[in-house]
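# Topology and contacts: notes
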Amino acid sequence: MNSVPGRRTRMLAATTATAGLLLVAGCSSGGGGGKTTAHGVPLVKAGQLTTCTHLPYPPFQSEIDGKVQGFDVSLIDLVAKNLGVKQAIVDTPFENFKTGAFLNSDQCDLAAAGMTITPERKKNVDFSDPYFEATQAVLVDKKSGIDSLAGVKAKGKKLGAQAQTTGEDYARKRGFDPVSFESSDAVLNGLRTGQVQAVIIDYPVVQGWLKDKANAGAFKVVDNLNTGEQYGFTAKKGNTKLVDAINTAIKDAKADGTYKKLYEKWIGPYDESAATASPSAS
């Protein structure tokens, strides 16, 4: 599998959403190869639902006060609770989510990383029903004079994006050669430090970042690109029982109001369209 220089795969052991997540030292390792089950769902390690993610990616998953928390974490906690196990999180490079490498090697049961459902990715992994409608934001330095994505190119400014993401793909398809960053935090730090003057990044990430008054005073959104993206959780090809368990948890959370509460906690004012995403075509 590929790895990012200077980045170590980390294992984060989790309890339920109410108790939070505890950082544990050590590297991830292959599990039991699906030999254990919980309520008929195969698991790579007994007693836990092992989730691959890529940190940080607030508000979906990030380490806060020594615990990994966020919207994705809370939703998968619901799946784990239904299965009678605890969630454990493995921090891994994002590029592995495209290939399903960690799922295929039985290091993780599922991946939760604010991941857009695409036909290309469906070739390697099985997606859950979509759980979030996402748009891409163009965020700029207020001093840059940029007022749109087109303005980035017109003024000869540098554009940044997270590597291996649909935001980076969107930029390249429109003739940009974006500066690639490893994580969403790195993208925003690149903007903050002047390495780039504009970035394309998922709008929910921007929402959380601009809650900081200092950030809001220096940066602004000049474009909100509706790219028709939907986020989904992924499982190893053929693991239909786990996909069904994830879909059930998402459906129940939307029906009983839990989804709305989690959305408001982690993302902001509730957008009903985010919860009415139609199931993705198989």
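Up top you'll find the structure we're talking about.
In every chain, residue numbers begin from 1 and rise along the written sequence. Only residues with pLDDT of 70 or above have their local features reported here, since the model is predicted, and side-chain atom pairs are shown and tallied only from 80 upward, although totals for entire chains, interfaces and linings are computed over all residues. Derived side-chain values reflect all non-hydrogen atoms in the structure, with water molecules and hydrogen atoms excluded from consideration.

Further remarks concern the state of the cysteines. Disulfide assignment relies on a single distance test, namely cysteine sulfur atoms paired within 2.5 Å. Going through the model one piece at a time under the given rule, you end up with 1 disulfide. Covalent S-S linkage joins Cys52 and Cys108, the inter-sulfur distance amounting to 2.1 Å. Here Cys52 and Cys108 share a disulfide; its torsion about the S-S bond, 70°, makes the bridge right-handed. Separated by 56 residues along the polypeptide, Cys52 in strand S5 (residues 48-53) and Cys108 in the loop between helix H3 (101-104) and strand S9 (110-111) bring together distant segments of the chain. Exposure is judged per residue with a 1.4 Å probe applied to protein chains only, and the accessible area is read against the type maximum: over 50% gives exposed, under 20% gives buried, and values in between give partly exposed. The buried category is assigned to Cys52, whose relative accessible area is 1%. Put simply, DSSP marks the helices as runs of H or I at least four residues long and the strands as runs of E at least two long, and each gets a number from the N terminus on.

A few words on the sheet that holds strand S12 (residues 159-162). When DSSP finds two or more bridges between two strands, those strands count as paired. If you walk across this open sheet you meet the 5 strands as S13-S12-S14-S11-S15, and the pairing is mixed. Sheet topology places strand S13 (179-181) and strand S15 (219-231) at the edges, where each strand pairs with a single neighbour. Mean inter-strand twist for the sheet, computed between neighbouring axes without regard to direction, equals 25°. Sheet topology places strand S11 (residues 132-141) next to S15; 9 bridges connect them, and they run antiparallel. Bridge pairing in S15 links Gln136 to Leu225. Of the strands in this sheet, S11, S12, S13, strand S14 (198-202) and S15 touch helix H7 (residues 184-192), which is tilted by about 155° from S14. Fitted lines through C-alpha atoms serve as axes, helices being fitted only where they are in contact, and the angles separating the N-to-C directions of these axes extend from 0 to 180 degrees. Whether two residues are in contact is decided by their heavy atoms: any pair within 4.5 Å suffices.

Here we come to the packing of aromatic side chains. Pairing of aromatic rings covers Phe, Tyr and Trp, the last through its six-membered ring, and needs centres within 6.5 Å; plane angles under 30 degrees mean stacked, over 60 mean edge-to-face, and all others mean tilted. All told, the structure shown has 14 aromatic pairs when counted by the stated rule. Between the aromatic rings of Phe60 and Phe71, the centroid separation amounts to 6.1 Å while the plane-to-plane angle is 75°, which identifies the pairing as edge-to-face. Separated by 11 residues along the polypeptide, Phe60 in the loop between S5 and strand S6 (62-64) and Phe71 in helix H1 (residues 71-83) bring together distant segments of the chain. Assigned by exposure class, Phe60 and Phe71 land together as buried.

With that settled, consider the packing of H1 against helix H10 (residues 240-256). Their axes nearest at 9 Å, the elements H1 and H10 cross at an angle of 110°. By the angle between their directions, the pair H1 and H10 is classed as roughly perpendicular. Between H1 and H10 the crossing geometry is right-handed. Contacts between H1 and H10 involve Leu78, Val79, Asn82 and Leu83 on the former and, on the latter, Ala245, Ile246, Ala249 and Ala253. Looking at the contact of H1 with H10, its residues break down into 7 nonpolar, 1 polar and no charged. Any angle between 65 and 115 degrees counts as roughly perpendicular, while under 35 counts as roughly parallel, over 145 as roughly antiparallel, and the rest as oblique. Handedness of each helix crossing follows the sense of rotation of the near helix against the far helix: counterclockwise by less than a right angle gives left-handed, clockwise gives right-handed. Here the term charged refers only to Asp, Glu, Lys and Arg, the term nonpolar to Ala, Val, Leu, Ile, Met, Phe, Trp, Tyr, Cys and Pro, and the term polar to all other amino acids, Gly among them.

Right, let's talk about H7 for a bit. When we look at burial in H7, the residues that qualify are Ser184, Val187, Leu188, Gly190 and Leu191. One side of H7 carries all its buried residues, which in axial view fall inside an arc of 155°. Looking at the buried residues of H7, the elements they touch are S11, S12, S13, S14, helix H8 (203-209) and S15. Two residues or fewer after H7 comes Gly194, characterised by a positive phi angle close to 85°. Arc definition: it is the arc formed by the directions from the helix axis to the C-beta atoms.

Another point: the pattern of salt bridges. What makes a salt bridge here is a side-chain nitrogen of Lys or Arg within 4 Å of a carboxyl oxygen of Asp or Glu, nothing more. Taken as a whole and assessed by the stated rule, the structure comprises 5 salt bridges. Of the charged contacts in the structure, one is a salt bridge between Asp126 and Lys237, with a shortest N-O distance of 3.3 Å. Here Asp126 is found in strand S10 (residues 125-127), whereas its partner Lys237 is found in the loop between strand S16 (234-236) and H10, with 111 residues between them in sequence. Overall, Asp126 belongs to the buried group, its relative accessible area being 18%. Residues Glu168 and Arg172 are paired through a salt bridge, measuring 3.4 Å at the closest nitrogen-oxygen approach. Of this pair, Glu168 and Arg172 both sit in helix H6 (residues 166-173), 4 residues apart, which is roughly one turn of that helix. The class of Glu168 is buried, set by a relative accessible area of 7%.

This paragraph deals with the side chain of Gln230. By secondary structure assignment, the location of Gln230 is in strand S15. Pairs of N or O atoms within 3.5 Å make up the polar contacts considered here, provided that, within protein, one atom can donate a hydrogen while the other can accept it, and that residues adjacent in sequence are counted only when both atoms are side-chain atoms. Side chain to side chain, Gln230 and Glu133 meet in a polar contact 2.9 Å long.

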